[in-house]
Amino acid sequence: MRLRALVVRVRALFGRDRLDRELAAELESHLAHHIDDNIRAGMPADEARRQALVKLGGLAQAEARYRERRGIPFVEHLASDVRYAARALAAMPGFTIVAIVTLGLGIGANAAIFSVIDAVLLRSLPVDRPERLVTVGRTGGELPIHSYPDYRDIRDRNTVLAGLAALRFSPVNLQTARGAARVWGTLASGNYFDVLGVRASAGRALAPSDDITPGGHPVAVVSDDAWRTRFAADPAIVGSVVKINGMAFTIVGIMPRGFRGTERLFAPEIWIPMAMQAHVESGNDWLERRQTHNIFLLGRLRDGIGTAEATASLNVLAEALGREHPQLNEGMRLSVAPPGLVGNTLRGPFVGFSGALIGVAGLVLLLTCTNLTGVLLARSTDRRRDTAIRIALGASRGALVRRSLVESALLAAGGAAAALLLARGFAIALSRWRIPVDIPITPDVSVDYRVLLFALGLAAAAAAFTGLMPVTQETRIDVVPALKEDTIRCGGRWHLRDAIIALQIAMSTVLLIGSLLVTRSLQHASQVDVGFNPDGAVMAQVDLGLERYSQTRARDFQREIVERLSTQPGVESAAVANALPLSIDVSTHSVYVEGKPQPRGTSVPSTIYYQVSPGFFRTFQMRLITGRDFDASDLRDRPRVAIVNQAFAARLLGTGDAVGKRFRSGPNGAWTEVIGVVQDGKYQTLAEEPTPVAFYSNVQWYNPSTCILVRTSLGPSDALDGLRETIRAIDPSLSIFQDRPVASLMALPLLPARLAAGLFGVFGALAIVLVLVGTYSVMSYGIAQRTREICIRLAIGASAIDIVRLVIRRAAIIWIAGVGLGGAAALAAAPLLAPILLGVRPRDPSIVALAMGVLTAVIAAACWLPARRGLVNDPTTLLRRT
């Protein structure tokens, strides 16, 4: 008996048997029949229902007792509503598919952007107690970088950090059984993995003993990804020897899967002790130079120490270092912040950019829900009689609300499933995407539980938003007229769906204005004067230091490659440089000007610098304003010379006529004479203010990093083929990278503008489509509801123009209200877009006018089509049908 009762209850939870359905159908049929009889007899609806229930009380009570015996009423009612909603949606496949797809796009856009925010800002670093890990920054520069001697002092003398590690990103030439490859690694202090609390999955991690004697510990650990891709997941790799920059290194460990270091966007493949710096960066031994700031510091707070206390204590130490080394450290200030974004440098820009995107994506979702709400409102009007019958039969407001919410929830669930598929595809594509720069910037984006909960939360909100408003309208109907199918509507009363359309237009106005602003910003960014001509030139890079070239051999290569390229057909000029403007490779040094008071500490000005060969400015087409170019007389044993840009001359030298002025790099550097001034340009970003830059002769300033530049009349493909052949003719073993047209340098600085324009463009197009569909649907429904009124007007002599004017007048009021509200909202929110706009005012009146013009055309088309369709039929025929 207990088993039978359990079976009955399970059936009560998940389905109805045939007897139950027949009993309910018979009861509803009898009850509806008696209610109709009572209403025709003149009874009010409430009295008609009461009398019918009294007459059928036995059946009603019997069913109530039966249902009570069957199981849990709420669960059964909910299951019944789910089945009803599923059947209703299945009966309208077109509407259901469109609703799920639009909700999927709206929720998916938000989930995709949130997955990036989750990966970059919310997800914890894969280290022990990540909340205690901080980056130690230094004021006075754009990056939180320090010198290695300063690192040692801070590490050994602070009292608030349980450990302090140093790191620097650097490329190396890795020689494996599969051949040589240029890979990016991390120079790390020996305590790096101890500070993180990370252990190797095989072998061991770097230890403090590996970082004592400079050049004395050629060991390395590799990432799990490198172990799988570079070493074919060979378990015997631990203890084996590989060559790094031509020197034998022992692999002592493999890091755990998923560990990518401590930067969110950077995935190193190998970690090498900092003591091996001189070998990794051959020809640039900076380890003991206090004036060279190029390493990041990563610390772990002691238990019980907060960030404010740590900052205050570290600044006491900074003041002491300023007194001990006033020339370099006077005025130095230290701070602590969460790590992971080039220290903490990119956190602010990323928060601003992602905040703007998630705001716009949220607006798209709201627009999608509003559009769907308008359609459901129209459907609720069609179901007035069905709702009236249910109310007359005794259905409660809660039951009607539950039924509507269940239908919306099914649509939202389908939309959430589609959204998660979209977000997952986006995450996979973004993780595989590579920014066109030499450094491996690889965001680790995935759909984890936070993204899932975020999508489900949005789906629940969408279900509530789209379901409550239609059912509120349904439950306010007048039962008797609805039962009599009194659907004549004269006078064109205003409805909630008209307000919904106005709200859609307002949100579409905001989205369209934002989209046009960002598109105009991209157009402006593409036309910014960068100070050189990237068209018609190609480039390729080799790192002679990684190839173990001696300084003499490297200088010979740099001279020979320029000579050979200059004699080739189609080549107009050729040159070499250590790096090019707008690449990710930027170097700076301090500047001391002759005849001016010598600054100290953080007040020392700095400049970006490049080392270039004679002919560089002609090849790069960078205009020389005054003075001369480098030439064969600028030899190594001659006084040092430099060419500076206009910002350097004005801000550092204090004069536009800078030729003949002298300065030096570092407090003890050799004096350098200015021999020319070139035009200002863009060196790091397109939005930067004029920045001081100095160009030195590569004959006088050696740098093994070699970027080969060729201006040619040949096509990019032929020019690059010739460039590669020339390099291999000199040394076939050289690894060539970044071989591409110089115009590709614009890809990185234009990347934020292109991303924003692409996303905003999609959102703007979606807004136009939604407002077109929404306006068309509601106007078509409104005209259909007023068919009898329109026919009567036509029958008594109204012209087609009068009818169109009637429709357009209504649409114009909705349009004015929507555009006015949207324009005001867009102007109020415009400053939020300022961080991603370049050369465009956030409140540009021409953009606002263009957006309004586009929406006017869209709304006019959406109104004209249903109005025209309603006028082509014969009024007499339509009156007979209505």
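Residues numbered from 1 in each chain as written. Predicted model: local features only at pLDDT ≥ 70, side-chain atom pairs only at ≥ 80, totals over all residues. Heavy atoms only, no water.

A look at the pattern of salt bridges
Working step 1: Going through the model one piece at a time under the given rule, you end up with 28 salt bridges.
Working step 2: For Arg129, the salt bridge is made with Asp303, and the minimal N-O distance between the two is 2.9 Å. Here Asp303 lies in the loop between β9 (296-301) and α11 (307-324) and Arg129 lies in the loop between α6 (93-122) and β1 (133-138), a separation of 174 residues in the sequence.
Working step 3: Classification of Arg129 as partly exposed rests on a relative accessible area of 36%. (Salt bridge = Lys/Arg side-chain N within 4 Å of Asp/Glu carboxyl O. Helix = DSSP H or I, 4+ residues; strand = E, 2+ residues; numbered from the N terminus. Buried < 20%, exposed > 50% of the residue type's maximum accessible area, 1.4 Å probe, protein only.)

A few points about the pairing of strand β8 (residues 270-273)
Working step 1: Neither face of β8 is open: one carries Ile270 and Ile272, the other Trp271 and Pro273, and all of them are buried.
Working step 2: As judged from the 4 bridges shared by strand β3 (residues 179-188) and β8, these two strands associate in the parallel manner. Pairing of Ala188 across the sheet is with Pro273, part of β8.
Working step 3: Sheet topology note: the strand β5 (residues 219-222)/β8 ladder contains 2 bridges and is antiparallel. When the bridges of β8 are listed, Val222 appears paired with Ile270. (Pairing = 2+ DSSP bridges.)

Describing the confidence of the model for the protein chain
Working step 1: When pLDDT is averaged across the protein chain, the result is 82; 83% of the residues are at 70 or more.
Working step 2: Taken as a whole, residues 1-19 scores under 50 in pLDDT and shows 23 contacts with residues more than four places along the chain or in a different chain.
Working step 3: Within the model, the stretch residues 487-492 combines pLDDT values under 50 with 14 contacts to residues more than four positions away or in other chains. (pLDDT = per-residue confidence, 0-100. Contact = heavy atoms within 4.5 Å.)

A word on the packing of helix α19 (residues 551-566) against helix α22 (residues 716-730)
Axes are the key here: two packed helices are described by the angle between their axes and the distance separating the axes.
Working step 1: Relative orientation of the contacting elements α19 and α22 amounts to 135°, with a least axis distance of 10 Å. The angle between the axes of α19 and α22 places the two elements in the oblique class. As α19 runs across α22, the sense of the crossing is right-handed. On the side of α19, the interface is formed by Phe557, Glu560, Ile561, Arg564 and Leu565, while α22 contributes Leu723, Thr726, Ile727, Ala729 and Ile730.
Working step 2: Residue classes in the contact of α19 with α22 are distributed as 7 nonpolar, 1 polar and 2 charged. (Axes fitted to C-alpha atoms, helices over the stretch in contact; angles between N-to-C directions. Parallel < 35°, antiparallel > 145°, perpendicular 65-115°, else oblique. Left-handed = near helix turned anticlockwise from the far one by under 90°. Nonpolar A, V, L, I, M, F, W, Y, C, P; charged D, E, K, R; others polar.)

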